[in-house]
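Listed below, chain by chain, are the residues.
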Amino acid sequence: MTQNIYDTPEFFHGYSQLNRSVHGLAGAPEWPSLQTLLPELAGRAVADLGCGYGWFCRWAREAGAGSALGLDVSEKMLAQAAAMTADDAIEYRRQDLERLQLPPAAFDLVYSSLTLHYIADLAGLLAACHQALKPGGRLVFSIEHPIFMAARQPQ
Ligand SMILES: C[S@@+](CC[C@H](N)C(=O)[O-])C[C@H]1O[C@@H](n2cnc3c(N)ncnc32)[C@H](O)[C@@H]1O
């Protein structure tokens, strides 16, 4: 069964204290690097896998994207995203990325930050992304790195 740790009250509360939750993309250490990989977004269709609070969906729209679809398995994260968003061109949808199905050739950009490391069937997800991208479309993602997440060894 797919994990959904973000709907655990303690985890959700802890996550809400992080810089990326309080300050959004400006508080996300990977954002400056990820931003350099993004295509021009004017009028483009964007999907955000594991959208969390929806920071990227909102940023994409401010950058001119025509639409943004934010997908996440966590009801709590989606509720927070919805509470922070007033934009009819942004849709948030509950979706387990282990079973992702998207319309073919529908998106110019599939974006995902700090989510793909949760996915057991990564090959299946990447195939779903590939078929959902328009020709020339781009997948831009980050994942957690052990340099941040590995338990510290006693000295
Ligand atoms: C570290 S948070 C990142 C949120 C957001 N992308 C950001 O950068 O702030 C990871 C997100 O991935 C979501 N997630 C984890 N496993 C998932 C799955 N199987 N399907 C959909 N979303 C998932 C979590 O619910 C959470 O919102």
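Remember, predicted model here, so these are calculated numbers, not experimental data.

Undergrad: Would you mind going over the pairing of strand E2 (residues 67-72) with me for this structure?
TA: Where a strand is regular, its side chains alternate between the two sheet faces. Of all six residues making up E2, five are buried, and the element is well covered by its neighbours. Relative to E2, strand E1 (residues 45-49) is paired through five bridges, and the arrangement is parallel. The partner of Ala-45 across the bridge, within E2, is Ser-67. For the handedness criterion, the β-α-β arrangement of E1, helix H4 (residues 55-62) and E2 is classed as right-handed. Where E2 meets strand E3 (residues 90-94), five bridges bridge the pair, whose relative direction is parallel. Within E3, the position partnered with Ala-68 by the bridge is Ile-90.

Undergrad: Whenever I open this one, the site of the ligand confuses me. Can you help?
TA: The environment of the ligand is made up of 20 residues, and the closest members are Gln-3, Arg-20, Gly-50, Asp-72 and Leu-97. Asp-96 places a polar side-chain atom, nitrogen or oxygen, 3.1 Å from a nitrogen atom of the ligand. Contacts to the ligand include Thr-115, whose side-chain N or O atom sits 3.2 Å from an oxygen atom. Notes on the ligand: free accessible area 590 Å², of which the protein chains cover 96%. The residue makeup of the shell around the ligand, split by class, is nine nonpolar, eight polar and three charged.

Reading the values: rules and limits
Residues numbered from 1 in each chain as written. Predicted model: local features only at pLDDT ≥ 70, side-chain atom pairs only at ≥ 80, totals over all residues. Heavy atoms only, no water. Buried < 20%, exposed > 50% of the residue type's maximum accessible area, 1.4 Å probe, protein only. Helix = DSSP H or I, 4+ residues; strand = E, 2+ residues; numbered from the N terminus. Pairing = 2+ DSSP bridges. Right-handed = clockwise from strand over helix to strand, strands pointing away. Near = heavy atom within 4 Å. Polar contact = N/O pair within 3.5 Å; in protein donor to acceptor, adjacent residues only side chain to side chain. Areas by Shrake-Rupley, 256 points an atom, 1.4 Å probe, with all protein chains shown as cover. Nonpolar A, V, L, I, M, F, W, Y, C, P; charged D, E, K, R; others polar.

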